[in-house]
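The chain contents come next:
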2 protein chains.
Amino acid sequence: VPRIAIIGLGMIGGSIGLALRRAAVPDLEVAGYDSEWGVGGKARKAGAIDRDCRSAGAAAGEGAKLVVIATPIMSIPQVLRELGGSLAEGAVVTDTASTKRQVLRWAEELLPDTVSFVGGHPMAGSERTGIEAADAALFDGCGWAVTPSMKADESALQTVLSLIGLAGATPVFIDSEEHDSYVAAVSHLPLVLSAALFSLASGSPAWSDLAALAGTAFRDLTRLASSSPDLAHGICRTNRENLLHWIDRFADELGRYRRMIADTEDDKALLETFARVQLDRDTFLRTPPRRPQPAAATDEVNMGEQLRALLIGDYAARRLKDLQGALERRPADHDALRRKLEDG
Amino acid sequence: VPRIAIIGLGMIGGSIGLALRRAAVPDLEVAGYDSEWGVGGKARKAGAIDRDCRSAGAAAGEGAKLVVIATPIMSIPQVLRELGGSLAEGAVVTDTASTKRQVLRWAEELLPDTVSFVGGHPMAGSERTGIEAADAALFDGCGWAVTPSMKADESALQTVLSLIGLAGATPVFIDSEEHDSYVAAVSHLPLVLSAALFSLASGSPAWSDLAALAGTAFRDLTRLASSSPDLAHGICRTNRENLLHWIDRFADELGRYRRMIADTEDDKALLETFARVQLDRDTFLRTPPRRPQPAAATDEVNMGEQLRALLIGDYAARRLKDLQGALERRPADHDALRRKLEDG
């Protein structure tokens with residue numbers, strides 16, 4: 001029976017397991033491991049995994065063809081070391097961490113040459129954490145950044161693409177440096193702003209009065225302040241330069257608003273700025289770039305067959321055709337993917 | 001038939017009308033006016049008002065005892081001028097604007113001495129706008145800041161309290177200066193941060209790539225960037241000093257995070273800061289200060305009777321008892337209210 005291993009059974013790892021179960025791929029075993037005691041058992045009861053293993057090596061051993069690392073980012077080097085000796089030749093390793101450049105470096109350094117690493121980052125999730133927050137539909141309609149390593153071959157990439165498709169997400173091919181630079185702006189900066197807003201307010205001597213007047217605006221803007229400290233810390237540590245760059249640019253932009261608000265002579269600039277922002281955001285919401293619908297049920301079945309075929313090695317005939325089809329369906333990613341394939 | 005007039009039939013004014021209808025106060029007429037053509041008709045069809053009037057004066061005229069101004073804040077002086085000559089002696093005027101000090105000044109300056117002004121600010125709402133977004137349950141469980149003017153008498157205050165109770169909200173007695181200072185931190189600063197984050201990202205040359213990677217974090221953090229430009233502008237113009245103060249404090253706090261992120265030697269401070277923020281926010285969510293449940297149905301009936309009694313003037317016997325009860329039920333607001341009553 002082909003096997004997938006999931007290391008780290010929090011909200012993301014658990015949701016991947018539940019999504020695989022939802023897809024009902026025939027004859028597939030999902031093994032799991034979580035370093036926190038009792039989490040593996042909960043994941044098995046929730047249906048996120050079939051087998052609760054006692055170590056990352058045990059989950060990945062006995063020939064797992066695909067290993068998904070969904071631990072906090074700062075734990076990834078240790079997981080890669082633990083996996084090293086247990087991985088079958090030709091195994092595909094992927095991850096779900098919020099930054100990609102450092103993870104690719106770790107994989108390059110710590111994984112044997114006989115396995116392929118394809119970085120991944122599902123652009124889903126929330127401030128909730130743990131297996132209790134896992135949801136088979138978490139990734140439906142979301143983007144999922146894909147950053148293959150230099151060594152990853154086509155079949156490894158296709159295996160990860162199948163997983164992403166089964167999870168209801170759409171792959172976004174991107175260079176790891178670009179990825180880290182962009183998510184610094186749209187994900188990591190918001191996290192820091194959210195934490196800073198909350199700590200500013202809650203550290204104020206007037207906090208009890210502020211809290212009494214805090215409505216949905218404050219609660220929404222500080223939602224990310226409830227993120228896992230491990231996640232926030234790992235992001236800051238592995239995407240430092242990009243994050244500092246965007247913090248500085250944000251400080252400049254806030255300064256621009258400050259000047260407009262302070263300027264009582266020029267009323268027009270402020271009103272026009274707010275009008276422009278409202279318009280642009282409404283446009284963004286109405287025409288979200290590359291935000292696709294989840295795959296239809298029939299596609300999922302096909303992708304399940306495809307994933308299984310890839311895992312058991314029976315894909316040679318369809319592989320190039322499928323890959324070609326993927327390229328044609330995603331013209332925007334064409335060059336990035338081709339470059340990756342040529343690199344690999 | 002006692003009458004309430006609602007001037008401005010957007011999301012807030014419309015929701016107040018729908019909440020009054022939900023409360024089913026017997027023999028009460030709700031007249032409405034909106035300066036935008038067609039909005040009054042829509043509000044009447046939606047059940048938010050009984051009568052669509054052709055001017056603020058017409059809606060408030062013919063003896064309306066309570067006038068609710070729910071227009072954009074910068075329109076309030078003009079509305080107050082229009083109302084001036086039409087208001088019945090003893091009428092109560094309230095508003096729903098996001099800032100209170102400037103509104104109280106305008107009321108002081110522009111309303112005749114024969115009417116009472118009680119400032120109000122429902123801490124509800126969203127970035128949505130217009131009568132289409134009106135909802136009878138919008139205020140359920142929310143706080144509603146109450147800032148009586150120096151001239152407002154007890155019955156005027158009690159009338160506004162009844163309206164707030166009928167809407168399912170709970171009054172938060174607060175001085176207008178304190179109000180503006182606090183909401184600058186928990187409402188107006190978030191609005192500016194949200195707009196600045198969106199305009200920073202959307203103004204970047206990499207915007208199409210950023211947008212493709214933008215997930216729930218970015219969408220949530222920029223939600224307030226979709227606020228009405230009139231609202232945002234009015235807030236900045238009427239709460240300038242407080243807002244500038246909190247922008248500066250936020251810039252300092254962001255600088256503190258920047259230093260921790262840049263400091264690769266001291267890992268502990270960053271991790272501990274995120275852990276503390278997560279803990280404090282979870283505490284805040286679990287024990288929201290003074291965030292009460294909506295009034296039960298029986299209370300609403302009583303409040304409807306009370307509001308009607310107040311409007312028709314038949315309240316003298318119960319007034320002091322009710323007020324005393326209100327004081328006992330809200331010990332935290334006791335002093336503020338007593339001060340207000342003594343001032344008034």
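(A) Seen up close, the sheet that holds strand β8 (residues 170-173) of chain A. All names here are of chain A. The strand order β3-β2-β1-β4-β5-β6-β7-β8 describes an open sheet built from eight strands, whose pairing is mixed. Both outer strands of the open sheet, β3 (51-52) and β8, are each paired with one neighbouring strand and no more. Across four bridges, strand β7 (residues 143-148) lies against β8 in parallel orientation. Bridge pairing links W144 to P171 in β8. Here helix α4 (residues 76-84) sits on the sheet in contact with β1 (3-7), β4 (66-69) and β5 (92-95), set at roughly 155° to β4.

(B) How the structure looks around the packing of aromatic side chains. Across all of its chains, the model carries 16 aromatic pairs over all chains by this definition. Their ring planes at 50° and their centres at 5.3 Å tell us that A:W207 and B:F284 sit as a pair that is tilted. On the criterion of chain membership, the pair formed by A:W207 in helix α8 (residues 207-213) and B:F284 in helix α12 (residues 267-286) is interchain, its members lying in two chains. Measuring from ring centre to ring centre gives 5.5 Å for B:F198 and B:W207, while their planes differ by 75°; the resulting arrangement is edge-to-face. Taken together through their ring pairs, the aromatic side chains of A:F198, A:W207, A:F218 and B:F284 make up a single cluster.

(C) View of the interface of chain A and chain B. Facing the 84 residues of chain A at the interface are 84 residues of chain B. Carbon and sulfur atoms supply 70% of the area that chain A and chain B bury against each other, a total of about 8300 Å² over both sides. Taken together, the links from chain A to chain B amount to six salt bridges. Ionic pairing is found between A:R237 and B:D267, a salt bridge with its closest N-O pair at 2.3 Å. Across the contact surface, chain A and chain B share 32 residue pairs in polar contact (both at pLDDT 80 or more). Looking at the side of chain A that touches chain B, the elements that each hand over two or more residues are α7 (176-202), α8, α9 (216-221), α10 (229-238), α11 (240-262) and α12 (267-286) of chain A.

(D) Structural detail: the relation of the copies chain A and chain B. Superposing chain A onto chain B requires a rotation of 180° together with a translation of 0.0 Å along the rotation axis, leaving an RMSD of 0.0 Å. Put plainly, the chains are arranged around a two-fold axis. Relative to the rotation axis, the closest C-alpha in chain A is found at A:L221, a distance of 2.6 Å. Counting the interface residues of chain A, we find that 100% of their copies in chain B are interface residues as well, pointing to one common contact surface.

What counts and how
Residues numbered from 1 in each chain as written. Chains lettered and ligands numbered in written order. Predicted model: local features only at pLDDT ≥ 70, side-chain atom pairs only at ≥ 80, totals over all residues. Heavy atoms only, no water. Pairing = 2+ DSSP bridges. Helix = DSSP H or I, 4+ residues; strand = E, 2+ residues; numbered from the N terminus. Contact = heavy atoms within 4.5 Å. Axes fitted to C-alpha atoms, helices over the stretch in contact; angles between N-to-C directions. Phe/Tyr/Trp six-rings, centres within 6.5 Å; stacked < 30°, edge-to-face > 60°. Buried area = accessible area lost by both parts, 1.4 Å probe. Salt bridge = Lys/Arg side-chain N within 4 Å of Asp/Glu carboxyl O. Polar contact = N/O pair within 3.5 Å; in protein donor to acceptor, adjacent residues only side chain to side chain. Least-squares fit on C-alpha atoms with pLDDT ≥ 70 in both.

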